[in-house]
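# Observations on chain architecture
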Amino acid sequence: MPVTKGAGNPDWTWDETLLALDLFYRHGTPLDKHHADIRALSDLLRAAEIYPKEGRKDNFRNPDGVALKTQNLQSAINPERRLSSSRTDRAIVSEFPLARKSDVAEIAALISRELFSHPQPEDVPDDEMFVEGQVITACHRRRDRRLRRRLLDKCVDNELICAVCDFRPPALSRDLRESFFEAHHLVPLALATGTTTTHVRDMALLCAGCHRFLHRLISSRKRWVGVPEARFTISGGMAVDSAEFAHLLTVA
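Small disclaimer: the values here were computed from a predicted structure and weren't measured.

To continue, consider the nonpolar core. Grouped together as the largest cluster of nonpolar side chains are 27 residues, with contacts concentrated most on Leu18, Leu19, Leu21, Leu41, Phe96 and Leu115. Among the elements of the structure, helix H1 (14–27), helix H2 (36–48), helix H3 (63–77), helix H4 (87–95) and helix H5 (101–117) are those that each provide at least two residues to this core. For this core, the element with the highest residue contribution is H1, accounting for seven residues. Counting residues in hydrophobic clusters, the runner-up holds 22 residues, among them Cys155, Leu160, Val200 and Leu206.

All right, on to H2 then. For H2, spanning 13 residues, the distance from its first C-alpha to its last is 18 Å, which sits close to the expected 18 Å at 1.5 Å a residue. Turning to H2, its buried residues are Ile38, Leu41, Ser42, Leu44, Leu45 and Ala48. Seen end-on, H2 carries its buried residues on one side only, within an arc spanning 165 degrees. Opposite the buried face of H2, by more than 90 degrees, sit the exposed residues Ala36 and Asp43.

For the rest of this paragraph, the subject is the pairing of strand E1 (residues 181–185). Of all five residues making up E1, four are buried, and the element is well covered by its neighbours. Summarising the sheet, E1 and strand E2 (residues 203–207) pair through five bridges and their orientation is antiparallel. Paired with Phe181 across the bridge in E2 is Cys207.

Relative to the 20 Å expected for 14 residues at 1.5 Å per residue, H1 spans 20 Å between its end C-alpha atoms, a close match to the ideal helical length. Counting buried positions along H1 yields eleven of 14 residues, so the element is predominantly enclosed. Within the sequence span of H1, burial applies to Asp15, Glu16, Thr17, Leu18, Leu19, Ala20, Leu21, Asp22, Leu23, Phe24 and Tyr25. One or two residues past the end of H1 sits Gly28, with phi positive at roughly 75 degrees.

What follows is about the pattern of salt bridges. With the rule as written, the count across this model stands at 14 salt bridges. Of the charged contacts, one joins Asp153 and Arg149 as a salt bridge, the two residues approaching to 2.8 Å between their closest N and O atoms. A residue pair is termed a helical-turn pair when its members lie 3 or 4 positions apart in one helix, as Asp153 and Arg149 do in helix H6 (residues 134–154) at four residues. Overall, the relative accessible area of 54% leaves Asp153 in the exposed class. The partner of Arg174 in a salt bridge is Asp157, with the nearest N and O atoms 2.6 Å apart. Linking Arg174 in helix H7 (residues 174–178) with Asp157 in the loop between H6 and H7, this pair joins segments that are 17 residues apart in sequence. Overall, the relative accessible area of 27% leaves Arg174 in the partly exposed class. Through salt bridges with shared partners, a single network forms among Arg149, Asp153, Asp157, Arg174, Arg177 and Glu178.

What counts, and where the lines are drawn
- Residues numbered from 1 in each chain as written.
- Predicted model: local features only at pLDDT ≥ 70, side-chain atom pairs only at ≥ 80, totals over all residues.
- Heavy atoms only, no water.
- Core = buried A, V, L, I, M, F, W, Y, C linked by side-chain atoms within 4.5 Å.
- Buried < 20%, exposed > 50% of the residue type's maximum accessible area, 1.4 Å probe, protein only.
- Helix = DSSP H or I, 4+ residues; strand = E, 2+ residues; numbered from the N terminus.
- Expected span 1.5 Å × (residues − 1).
- Arc of directions from axis to C-beta.
- Pairing = 2+ DSSP bridges.
- Salt bridge = Lys/Arg side-chain N within 4 Å of Asp/Glu carboxyl O.

Shown next, in the form of C-alpha cells:
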C-alpha cells in the first residue's frame, strides 16, 4: 500500500503537497515517474532544501516519491480507493477541492517562484502560519520588514496608530514610538505575493500585539482575515461567520 513518508525521509510539508496537488489537478490523474512534470517537481523540491540535506535520504522527493504523492492525493479525494493518504493530504484537498483548481495553480506558482528565489525558507512558528503554508508566509514576513520603514516614514507623529486596536504610543522619542509598530498586508497573501510591486498603500500599521493576533486568527480560521474583521473580533464578535460579517460591513 502506498505511503508518503518514504524510507526515513521527512514528511511532506503543506507547501510541497500543494505543489503536488496542482500537478494532479492540471493533469486530472496521477502521473508516472517518467513524466516530465513529475521530474521537474522532483528537481525543484530536491533543490529547494525546505528540509536540510543532512536530514534527507538519497531518494528524498525523487520521481518515484513525487509520482506516489499524486496517487496519495487521488486517494485523499476519493477514499473509496482504499489507498493511504496523510493527514496533510486530506487537509489540503478539503481546503482546496477541485472547484478551487485555479487558486491552487496560483498559489503553487507563487510557492515555486519563492523556492527558486529563496531556496531555504526561514523558520516560521506554527502559530504564525498562514493558510498557504510556510513558504508564502516567510515571503510575506520578508516583504513586511522591507516596507515597514517606508510606511513609518510616511506617518507623521499623530498617525502612529494601530489600525486594529487604535493603540497610540506614549510620549517618547520618535524611534521608541516607532518600535511598537509593524507593517501588515491589506490584501490576501496569494494576491499580495503575486504582485510585482507592493505599494505602501497596500500596507497597514499594526502594533506588534495585534499583528501577532491577526496572524494567529488567520491560522486558526484557515482563511485570510482582514483588518476590519480583526477589529470586529477584538470588539467581541468572535462568533460571527464570514457571511454575516460581510453583511455587517455592507450595512455599516
